Structure formats: C-alpha cells, structure tokens
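# A structural walkthrough
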Amino acid sequence: MTHTKIRWGILATGSIAATFTKDLLTLDDAEVVAVGSRTLDSAKEFADRHGIPRAYGTWAELAADPEVDIVYVATPHSAHHEASALCLDAGKAVLCEKPLTLDAAQAEDLCRRAEAAGVFFMEAMWTRCVPAVLRMVEMVRAGAIGEPRLVTADFSVVFEGGPEHRMRDPALGGGALLDLGVYPLAISQLVFGTPSVVQAVATLTPEGVDDTTAVTLVHPGGGVSALTCSLSTDGTWSATVAGTEGRIEFGRGYTSPSGFSLFRQGELLERVEAPFLAGGMVHEAIEAQRCLREGLRESPLAPWSETLAVMRTMDTVRGQVGVVYPEGRG
C-alpha cells in the first residue's frame with residue numbers, strides 16, 4: 001500500500017455497518033472515506049452520523065470510487081454475493097460479513113472473482129480474529145488439553161421477530177443456521193478442521209427455515225463436535241473444547257470472548273485473559289489491513305479454504321433438515 005492510512009468504503013447502512021464503522025474509527029491507520037447504499041438518503045444520513053466525506057446512492061458508485069482501498073460489505077447475507085461480486089469485479093479488496101454467502105457455490109464464485117482480480121478477500125468472522133480465540137487455538141495446538149477430542153458449542157437466543165423478518169424469510173436466507181450456527185461451526189473448524197461425517201436434525205418454522213438445529217460432526221482422527229443453534233430458546237451461548245488431559249471453557253458470549261478457563265482433572269488450572277479492543281470487530285479490520293499492506297490475497301486467520309469448508313458443511317446440514325431457499329438464492 002502506498003497510502004499511510006487504509007481507506008475504507010462501507011457498503012450498507014444498517015446496525016452492523018454502524019458498529020463496524022465505530023470500531024474502525026478507533027484505528028489511527030484507517031479512515032472511512034465513503035459509504036454506499038441503495039438509496040442516497042440512507043447513505044447521506046449514515047455519512048453525516050459517522051463523519052464520512054462521501055455518500056453514494058448505489059453500490060456501483062462506491063465500488064468505482066478510486067480513493068477506496070477496501071470495501072466492508074454489511075448487507076443482509078442474502079445480498080452478500082451480489083455486493084461482493086460487484087466490488088471484486090471493480091478491483092476492490094473486500095471484507096464481507098458472515099456468513100460469506102447463502103451457499104458454497106456462491107462463496108466459491110466470489111473466491112474465483114477475487115483470484116481473477118488479484119485482490120484481497122475475507123469473510124468478516126470476528127470470532128476467528130479476537131485475541132482470546134487465537135490464544136485458545138495456540139494453547140490447544142501446544143497440547144494444553146492433551147489431544148482434543150470434543151467440541152461442544154451453542155448459540156441460541158429467543159428471537160421475537162415476526163414472519164416478515166429476514167430471520168424467518170427463506171428468500172433472505174433466514175433461519176438459525178446461517179445467522180447463529182456459523183459460529184459453533186467456526187470454533188469446530190478451528191479445532192478439528194473439516195469434518196468427515198455431518199449429521200443434523202432440526203425443527204422448522206412455518207416459513208420453512210430452521211428454528212432449532214443440532215449438528216454432530218465426526219472428524220478425521222476421531223474428534224467429535226456437538227453443535228446447536230436456535231431462534232426460540234435461551235441457550236447457553238457457550239463453548240467447550242475438551243481433550244484427553246483437560247478442557248477449555250468459554251462462558252456466555254464465546255463468539256467474541258475476552259478470556260477463557262483452563263481445567264485439568266476437573267480443577268480450574270488457569271484463567272486466561274485476552275481482552276478484545278473496542279467492540280471486538282476492530283480485530284478483523286486490523287487483520288484485513290495487515291494483509292493489504294503485505295500484499296496478501298487471503299488471511300491466514302480466515303483462509304478461503306476454511307470459509308468454504310464451513311459453507312459446504314452448512315449446505316449439507318440444510319439438505320439434511322430440509323431448508324431450501326428459493327431458486328437462485330442458494
């Protein structure tokens with residue numbers, strides 16, 4: 001990069017875009033120079049609120065801005081493919097919110113476009129970038145719990161939106177799996193890699209998306225993951241990585257944890273503290289900026305191969321439980 005600061009464009013103006021932008025503005029080596037939305041009024045309001053100099057009423061105008069180095073895509077995930085493809089084809093680096101797309105085929109297409117354009121591309125899975133999760137992976141690989149054998153993880157919340165909400169709309173990629181289940185799957189992927197066996201059950205909403213889903217994964221080498229997600233239960237929202245000599249426990253909110261507990265022989269051995277900066281989303285921005293400055297096309301913290309592996313697992317789960325999105329939408 002030739003510029004002192006990485007220049008960001010924000011695509012979409014919802015709550016997740018606002019949260020990310022606030023985190024991004026805490027970095028001295030980043031600046032937000034433009035925002036794009038489907039309407040100019042929405043873009044201008046967002047720009048005014050966050051002190052962004054340029055606002056565009058189309059995604060294409062944002063993608064064409066020569067002073068934007070990287071675009072953060074913050075649309076609902078049903079539009080991730082369209083928005084990211086537009087930016088990648090325009091030669092822009094992209095950090096796209098999770099889940100990357102509705103299905104693996106769309107995700108594979110985006111990786112091909114990034115490869116063809118020669119630009120950086122990454123799924124914005126903050127769980128892969130926060131210090132506590134990076135420390136957990138480091139300790140597991142160093143043998144802190146012996147041989148890892150079991151991952152249990154849940155992300156279940158009581159969602160009160162009606163059938164018109166995107167979370168319950170098949171056309172918008174609704175359901176617990178893509179919004180919530182992707183996090184337990186990310187932890188499993190970090191510890192064990194790609195599963196060899198996927199078995200899933202679910203209850204569906206009247207609209208046909210998954211309300212509560214349980215996934216069991218068997219991994220090469222014998223590791224097992226037991227993962228759950230739900231839109232209608234007050235779950236534990238916790239994760240445990242257990243091995244032959246101990247376990248690591250994340251409390252509630254493991255998707256962006258500030259630390260974890262290490263147990264051996266049933267006793268607490270150590271409380272590891274690794275707080276995140278700002279609101280936690282800043283770490284994915286830091287990683288993206290590091291990769292841009294080093295000329296990388298993909299991040300070692302969230303490589304394309306692992307993002308695609310999780311997308312393929314979710315495809316398998318949806319096939320087993322009977323969640324089908326409208327034709328052309330995964």
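Small disclaimer: the values here were computed from a predicted structure and weren't measured.

Criteria and cut-off values
Residues numbered from 1 in each chain as written. Predicted model: local features only at pLDDT ≥ 70, side-chain atom pairs only at ≥ 80, totals over all residues. Heavy atoms only, no water. Salt bridge = Lys/Arg side-chain N within 4 Å of Asp/Glu carboxyl O. Helix = DSSP H or I, 4+ residues; strand = E, 2+ residues; numbered from the N terminus. Buried < 20%, exposed > 50% of the residue type's maximum accessible area, 1.4 Å probe, protein only. Polar contact = N/O pair within 3.5 Å; in protein donor to acceptor, adjacent residues only side chain to side chain. Contact = heavy atoms within 4.5 Å. Axes fitted to C-alpha atoms, helices over the stretch in contact; angles between N-to-C directions. Parallel < 35°, antiparallel > 145°, perpendicular 65-115°, else oblique. Left-handed = near helix turned anticlockwise from the far one by under 90°.

## Points about the pattern of salt bridges
In this structure the tally under the stated criterion is 21 salt bridges. A salt bridge links Arg 54 to Glu 67; the nearest nitrogen and oxygen atoms lie 3.5 Å apart. Note that Arg 54 is positioned in strand β3 (residues 54-56) and Glu 67 in the loop between α3 (59-64) and β4 (70-73), a separation of 13 residues in sequence. When the shortest N-O distance is used, the salt bridge between Asp 89 and Arg 113 registers 2.4 Å. Taken together, the residues Asp 89 in helix α4 (residues 80-89) and Arg 113 in helix α5 (residues 104-117) connect sequence positions 24 residues apart. Since its relative accessible area comes to 51%, Asp 89 is described here as exposed. Residue classification places Arg 113 among the partly exposed positions, given a relative accessible area of 26%. Each of the salt bridges in this network shares a partner with another, and the network as a whole consists of Asp 89, Asp 109, Arg 112 and Arg 113.

## Side note on the side chain of His 80
You can see His 80 is positioned in helix α4. Taking relative accessible area as the criterion, His 80 reaches 0% and is therefore assigned buried. Side-chain polar atoms of His 80 contact the backbone oxygen of Pro 99, separated by 2.7 Å. In contact with His 80, not counting residues within four places along its chain, are Val 73, Thr 75, Cys 96, Glu 97, Lys 98, Pro 99, Leu 100, Thr 101 and Leu 110.

## With respect to the packing of helix α7 (residues 176-192) against helix α9 (residues 304-321)
In contact at an axis separation of 10 Å, α7 and α9 are set at 125 degrees when each is read in the N-to-C sense. Compared by their axis directions, α7 and α9 come out oblique. Handedness of the crossing formed by α7 with α9: right-handed. Side by side, α7 and α9 meet where Leu 177, Leu 178, Val 182, Leu 185 and Gln 189 of the first sit next to Glu 306, Ala 309, Val 310, Thr 313, Met 314, Val 317 and Arg 318 of the second.

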